[in-house]
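# Descriptive analysis of the structure
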Amino acid sequence: MAQAPALPTGFELPLEPRLPRIGSVDAVALEERAASLAKRSIKREAKVFALRLAIRTTDLTTLEGADTPGKVAALASKALRPDPADPSVPPVAAVCVYPNLVPAALERLAGSSVAVAAVATGFPSGQYPTAVKVADARAAVELGADEIDMVIDRGAFLSGRYAKVYDEIVQVKEACGGVHLKVILETGELGTYDNVRRATLLAIAAGADFVKTSTGKISPAATLPVALCMLEAVRDVYEETGRRVGFKAAGGIRQAKQAVQHLVVVHETLGPDWLTPELYRLGASSLLNDVLMQLRKQQTGAYQSPDYFTVD
């Protein structure tokens with residue numbers, strides 16, 4: 001790994017020993033490796049495994065202003081039985097909704113393995129006072145959320161106020177108690193791979209259980225080079241400290257081919273231990289139907305009509 005540079009302005013001294021070496025990112029090498037991994041061919045048996053894994057690691061998501069308890073209940077039903085005609089298809093990892101719809105998701109998912117995740121802390125902008133963000137996360141936990149997806153203040157990060165970003169994550173993590181915290185970087189607004197790596201390490205140092213690419217509201221979102229950049233930071237933390245941090249790719253992943261490419265990048269960067277819902281997630285809304293179609297194609301040799309699966 002590259003020799004550690006001085007910490008950027010904004011990192012206070014007490015934060016320094018908690019961060020692994022930051023280094024800098026070789027953008028050309030990163031993009032070339034991501035492009036190379038995207039071309040990996042997968043045999044039929046491995047493709048079926050990958051498609052089923054994509055389903056098991058999906059956070060099935062609806063984050064629209066028009067969301068209703070009925071829509072969330074229908075989405076939760078699909079999360080439990082993605083393909084009603086094939087009971088061997090596994091349930092997804094979680095359903096992700098706004099906090100006030102957590103009870104509707106919980107009611108439908110009670111007793112199942114599917115978790116309920118809630119976005120919080122002024123999602124998607126992050127431009128709220130710290131006290132409001134902490135209260136937002138705490139309220140979502142009190143409503144019963146199993147996981148919290150918080151978003152960092154990109155304005156603070158981009159203006160060099162790293163300690164503010166760090167402190168907010170620490171406070172939100174404390175408000176979450178034992179509930180898993182996913183920290184969204186919104187990489188499409190960070191500008192450079194160096195910033196993506198720095199924000200990833202900052203979030204991990206502040207206590208994130210998962211680091212997540214995007215809100216899904218900004219483009220570009222979960223590109224393969226960005227995912228690789230974040231995964232390499234997760235790997236470096238693990239190699240230096242032994243701490244396992246999860247990773248969630250979200251935003252712009254709409255086709256099964258893209259999902260499989262992301263799984264390949266995880267496998268080649270962190271190894272098979274990370275290919276579980278406990279350490280890896282795909283944030284998606286429209287992706288699941290394409291994965292189900294591709295899975296049916298692998299099993300039967302024929303494509304199923306898109307109309308066969310519900311649109312949620």
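Refer to the structure printed above.
My aim in this report is to walk through the structure given alongside it, one point at a time. Given the structure is predicted, the values throughout are model-derived calculations rather than measurements.

### Quick notes on the packing of helix α2 (residues 44–56) against helix α11 (residues 287–300)
The geometry of α2 relative to α11 is characterised by a closest axis approach of 10 Å and an angle of 150° between their N-to-C directions. One finds that α2 runs roughly antiparallel with respect to α11. Seen from above, α2 lies across α11 with left-handed handedness. Residues R44, K47, V48, L51, R52 and I55 of α2 form the contact with α11, whose own contacting residues are L288, V291, L292, Q294, L295, Q298 and Q299. Residues of the contact of α2 with α11, tallied by class, amount to seven nonpolar, three polar and three charged.

### Some remarks on the layout of surface pockets
In this structure, the largest pocket spans a volume of roughly 430 Å³. Lining the largest pocket are 26 residues, with T61, T215, G216, A284 and S285 sitting closest to its centre. Among the elements of the structure, β7 (246–250) and β8 (280–284) are those that each provide at least two residues to the lining of the largest pocket.

### A closer look at the pattern of salt bridges
A side chain of one charge can pair with a side chain of the opposite charge when the charged atoms of the two come close. Applying the stated rule across the entire model yields 20 salt bridges. Residues D236 and R197 are paired through a salt bridge, measuring 3.0 Å at the closest nitrogen-oxygen approach. Of the two residues, D236 is situated in helix α9 (residues 224–241) and R197 in helix α8 (residues 193–205); the sequence distance between them amounts to 39 residues. Each member of the pair, D236 together with R197, is buried. Residue D273 is joined to R244 by a salt bridge in which the shortest nitrogen-to-oxygen separation is 3.8 Å.

### A look at α2
Here α2 is 13 residues long and its end C-alpha atoms lie 18 Å apart, about the 18 Å a rise of 1.5 Å per residue gives. Along α2, the residues classified as buried are V48, A50, L51, L53, A54 and I55. The inward-facing, buried residues of α2 contact β1 (58–61), α10 (256–270), β8 and α11.

### Quick notes on the side chain of T61
Position of T61 among the secondary structure elements: in strand β1. If sequence neighbours within four positions are ignored, T61 has contacts with L75, C96, A284 and S285.

### What to know about the packing of aromatic side chains
With the rule as written, the count across this model stands at four aromatic pairs. Here Y238 and W274 contribute two aromatic rings whose centre-to-centre distance is 5.3 Å and whose plane-to-plane angle is 80°, an arrangement assigned as edge-to-face. Note that Y238 is positioned in helix α9 and W274 in the loop between α10 and β8, a separation of 36 residues in sequence. Judged by relative accessible area, which is 31%, Y238 ranks as partly exposed. With a centroid separation of 6.1 Å and an interplanar angle of 25°, the aromatic rings of F247 and Y280 are classed as stacked. In this pair, F247 is assigned in strand β7 and Y280 in strand β8, connecting sequence segments 33 residues apart. Y280 matches F247 in its accessibility class, with the two residues each being buried.

Rules used throughout
Residues numbered from 1 in each chain as written. Predicted model: local features only at pLDDT ≥ 70, side-chain atom pairs only at ≥ 80, totals over all residues. Heavy atoms only, no water. Axes fitted to C-alpha atoms, helices over the stretch in contact; angles between N-to-C directions. Helix = DSSP H or I, 4+ residues; strand = E, 2+ residues; numbered from the N terminus. Parallel < 35°, antiparallel > 145°, perpendicular 65-115°, else oblique. Left-handed = near helix turned anticlockwise from the far one by under 90°. Contact = heavy atoms within 4.5 Å. Nonpolar A, V, L, I, M, F, W, Y, C, P; charged D, E, K, R; others polar. 1 Å grid on protein atoms, 1.4 Å probe; cavity = no way out; pocket = protein on both sides within 12 Å on 5 of 7 lines; lining within 4 Å. Points joined across faces, edges and corners; volume = space filled by probe spheres on them. Salt bridge = Lys/Arg side-chain N within 4 Å of Asp/Glu carboxyl O. Buried < 20%, exposed > 50% of the residue type's maximum accessible area, 1.4 Å probe, protein only. Expected span 1.5 Å × (residues − 1). Phe/Tyr/Trp six-rings, centres within 6.5 Å; stacked < 30°, edge-to-face > 60°.

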